[in-house]
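Coordinates in review
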Amino acid sequence: MGNKLYVFGHTKPDTDSIASAIVFARLQKALGIDAVAYKLGEVNKETKYALKTFEVEEPQTLTSVDENCEVALVDHNEFSQSAQGIEKAKIKMVVDHHKIKFETKEPMYFIAEPLGCTGTVLYKLYKQNGVDIDSQMAGLMLSAIISDTLLFKSPTCTEFDKEVATKLASLAGVDVESYGKEMLKAGTDISEFTPFQVINMDSKEFDDEHIKFEISQVNAIDLNSVFSRQSELEDAINKEIKEKNLDFYMFAATDILNANSKIIAIGNKAD
Ligand code: MN
Ligand code: MN
C-alpha cells in the first residue's frame with residue numbers, strides 16, 4: 001500500500017457522489033490502494049435511504065485537502081464543486097460523466113463517458129479489472145443510476161445505463177421499479193425544510209468567464225406543493241444572489257414521475 005487516496009464526489013452531494021465515492025474506494029482497495037471514501041457535505045434523505053437499505057455506512061466528512069493529499073474525484077471535475085484546497089492537491093484520478101472542465105499540471109487517469117451516471121462508469125471499471133461486485137456495491141451503483149436518471153426518465157439516461165441497472169438489481173436482490181420509486185420518494189419530502197434548505201438541496205455554482213450563476217434543483221411528486229411556497233423560495237433566492245453576487249439563479253422543481261419541470265429564474269441575466 002502506498003499513500004492514502006482520498007476519494008470524494010462533489011459538494012452538496014447527491015446519491016451518485018456518495019455511492020460512487022464508496023464504490024470507487026472499494027475498487028481501489030481491491031486493487032491494493034489505500035483508498036478512503038469521503039463526503040463533502042451532508043447526506044440527503046434519498047442517499048440515506050439507499051445506504052440504510054444496503055447496510056452501508058456513511059463516509060466521513062472531508063473539510064479540505066492540501067498539497068500532501070493524493071485525491072480521486074468522482075462525479076465531478078470542476079474545482080468550484082470540489083473540496084477546499086483542491087487546486088493544491090495531487091489529483092490522481094477522475095471518474096465522471098459530466099462535461100470536462102479541467103486542467104492539471106501532472107498526468108493522471110481521467111475516465112469520463114457520456115453516460116447517465118458515474119455508477120455506470122464504475123460498473124465498467126469493476127468488469128475491466130475483474131473485481132467482483134457484492135450485493136452492497138451493486139445496490140449503491142443501482143441507487144446512483146436510479147437517482148441520476150430519475151428511474152431512467154432523464155434525457156441523459158442511455159440504453160447502457162438501463163442494461164447495467166438491470167444487472168445490478170439482480171446482484172443487489174431488489175426490484176428496480178419498486179425500490180427505485182421508494183428511494184426517490186424518500187428523497188422528495190421537503191415539508192420540514194426551510195426555503196434556504198430547499199434551494200440548497202442540490203445546487204451548483206458555476207463561474208464561467210463572463211457570468212456567475214447558480215442552478216438548483218429539487219425533485220417532487222407534486223409540483224403544486226413546491227410552488228405553494230413560491231414567494232418564500234424567491235426571497236431565499238434573492239438573498240443568495242445578493243450574498244454571492246450572482247448574475248442569475250435558476251431553481252427547478254422536477255416532477256419525477258412525469259419528467260416535467262417548472263422553474264424560477266431570478267437575476268440580472270435571468271433572461
Ligand atoms: Mn452528482
Ligand atoms: Mn452523477
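Below is a short write-up of the structure. (Residues numbered from 1 in each chain as written. Chains lettered and ligands numbered in written order. Predicted model: local features only at pLDDT ≥ 70, side-chain atom pairs only at ≥ 80, totals over all residues. Heavy atoms only, no water.)

1. Notes on the coordination of the manganese ion (ligand 1)
Note on the manganese ion (ligand 1): its protein donors are His10 (NE2), Asp14 (OD) and Asp75 (OD). The metal-donor distances range over 2.1 to 2.3 Å. In the primary structure, the donors to the manganese ion (ligand 1) are separated according to the pattern H-x3-D-x60-D. Between the two metal centres, the manganese ion (ligand 1) and the manganese ion (ligand 2), the spacing is 3.6 Å, with Asp75 acting as a shared donor. Taken together, the residues His10 in the loop between strand E1 (5-8) and helix H1 (15-30) and Asp75 in the loop between strand E4 (70-74) and strand E5 (90-96) connect sequence positions 65 residues apart. Given the relative accessible area of 1%, His10 is considered buried. (Donors = N, O, S within 2.8 Å, 3.2 Å for Na, K, Ca; no water. Helix = DSSP H or I, 4+ residues; strand = E, 2+ residues; numbered from the N terminus. Buried < 20%, exposed > 50% of the residue type's maximum accessible area, 1.4 Å probe, protein only.)

2. Overview of the pairing of E1
Burial of E1 is two-sided: the residues Leu5 and Val7 facing one way and the residues Tyr6 and Phe8 facing the other way are all buried. Where E1 meets strand E2 (residues 35-39), four bridges bridge the pair, whose relative direction is parallel. Its bridge partner lying in E2, Tyr6 is registered against Val36. For the segment spanning E1, H1 and E2, crossover handedness is right-handed. Taken together, the four bridges between E1 and E4 define a ladder with parallel strand orientation. (Pairing = 2+ DSSP bridges. Right-handed = clockwise from strand over helix to strand, strands pointing away.)

3. A closer look at the coordination of the manganese ion (ligand 2)
Coordination of the manganese ion (ligand 2) by the protein comes from Asp16 (OD), Asp75 (OD), His97 (NE2) and Asp148 (OD), over a distance range of 2.1 to 2.2 Å. Taken in sequence order, the residues that donate to the manganese ion (ligand 2) follow the motif D-x58-D-x21-H-x50-D.

4. Things to note about the sheet that holds E2
Sheet architecture is open: six strands sit in the order E3-E2-E1-E4-E5-E6, paired in parallel fashion. Both outer strands of the open sheet, strand E3 (60-61) and strand E6 (109-112), are each paired with one neighbouring strand and no more. Sheet contacts for H1: E1, E2, E4 and E5; angle to E2, the most-contacted strand, approximately 175 degrees. (Contact = heavy atoms within 4.5 Å. Axes fitted to C-alpha atoms, helices over the stretch in contact; angles between N-to-C directions.)

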